[in-house]
Amino acid sequence: REKDDKYKTRMPKFLMAKEDKDQRKSSDNVERNIFKVKKSNAEKSKKMEKEEKIFRETFMYDKEINVINTATAECSVPSKRRVDLPVTAGEQLDVIDVTEGNTVICRNSGGRYGYVLVEHLNFR
């Protein structure tokens, strides 16, 4: 037994601790990246809430906001009035409500609401 123990190679403990430390650092970096994503989502949700509040005040909209359908903008249209939603070609829009006439209330990916003409939308 003594001969076996004498010639046995062993890893020093301080090297093993360093490896463990490196693994902890890499896992901390992953956790930090997750927190950054959550932070941006929190900022985005605050912006969405602000846009929804402005929408409700401007349009005097007291109903629950439900997405009826999704549509794609066929062409780019700038907004002529404050209540119109500027759209770019190929942009995905959520249709919130149908109004009288040829307009619908839509929400873009940025959370902004406004009127869009049905002629400019392509429903799937």
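Residues numbered from 1 in each chain as written. Predicted model: local features only at pLDDT ≥ 70, side-chain atom pairs only at ≥ 80, totals over all residues. Heavy atoms only, no water.

In the nomenclature of an unreviewed UniProt entry, the protein chain corresponds to FYN-binding protein 2 from the organism Thalassarche chlororhynchos. Quoted verbatim from the Subunit (unreviewed entry) field of the UniProt record, the comment on the protein chain reads "Interacts with SKAP1, LCK and FYN. The phosphorylated form interacts with LCP2." Note on the protein chain: under the UniProt heading Function (unreviewed entry), the record states "Adapter protein that plays a role in T-cell receptor (TCR)-mediated activation of signaling pathways. Required for T-cell activation and integrin-mediated T-cell adhesion in response to TCR stimulation." (UniProt positions renumbered as here; feature names shortened; annotations may be inferred.)

Trainee: Please explain the overall build of the protein chain as it appears in this structure.
Mentor: In terms of helices and strands, the protein chain carries two helices and five strands. Ordered by position in the sequence, the α and β elements of the protein chain form the string α-α-β-β-β-β-β. Looking at the protein chain as a whole, 23% of its 124 residues are labelled buried. Partitioning the contacts of the protein chain with sequence separation of at least 6, the portion at a separation of at least 24 is 47%. About 10,100 Å² of surface is accessible on the protein chain, with carbon and sulfur atoms providing 51% of the total. (Helix = DSSP H or I, 4+ residues; strand = E, 2+ residues; numbered from the N terminus. Buried < 20%, exposed > 50% of the residue type's maximum accessible area, 1.4 Å probe, protein only. Contact = heavy atoms within 4.5 Å. Areas by Shrake-Rupley, 256 points an atom, 1.4 Å probe, with all protein chains shown as cover.)

Trainee: Where do I start with the packing of aromatic side chains in this structure?
Mentor: Aromatic ring pairs: the centre-centre distance and the angle between the two ring planes describe each pair. Here the structure, examined in full by the defined rule, presents four aromatic pairs. Aromatic side chains F55 and F59 sit 4.9 Å apart centroid to centroid with 45° between the ring planes, which places their arrangement in the tilted category. One end of the pair is F55 and the other is F59, both in helix 2 (residues 13-59) and four residues apart, which spans about a single turn. Accessibility expressed as a relative area gives 16% for F59, which makes it buried. Between F55 and Y61, the ring centres sit 5.1 Å apart and the planes meet at 45°, which makes this aromatic pair tilted. Here F55 matches Y61 in class, with each residue buried. (Phe/Tyr/Trp six-rings, centres within 6.5 Å; stacked < 30°, edge-to-face > 60°.)

Trainee: Before we go on, may I ask you to explain the nonpolar core in this structure?
Mentor: Side chains of a nonpolar character, in soluble globular proteins, are inclined to be buried together. Membership of the largest hydrophobic core is limited to 10 residues, which are A71, A73, L85, V87, L93, V95, V104, C106, V116 and L121. Contributions of two or more residues to this core are made by strand 1 (69-73), strand 2 (92-98) and strand 3 (103-107). (Core = buried A, V, L, I, M, F, W, Y, C linked by side-chain atoms within 4.5 Å.)

Trainee: Just checking my understanding: could you explain the pairing of strand 3 for this structure?
Mentor: Regular strands have side chains that alternate between both faces of the sheet. Of all five residues making up strand 3, five are buried, and the element is well covered by its neighbours. Side chains T103, I105 and R107 of strand 3 all project onto a buried face; the interleaved residues V104 and C106 project onto the opposite face, where all are buried too. In terms of strand pairing, strand 2 meets strand 3 through four bridges, oriented antiparallel. Bridge pairing in strand 3 links V98 to V104. Linking strand 2 back to strand 3 in an antiparallel pair, the connection comprises four residues, with G101 at a positive phi of about 95°. Pairing between strand 3 and strand 4 (residues 113-117): five bridges, direction antiparallel. Note that in strand 4 the partner of V104 across the bridge is V116. (Pairing = 2+ DSSP bridges.)

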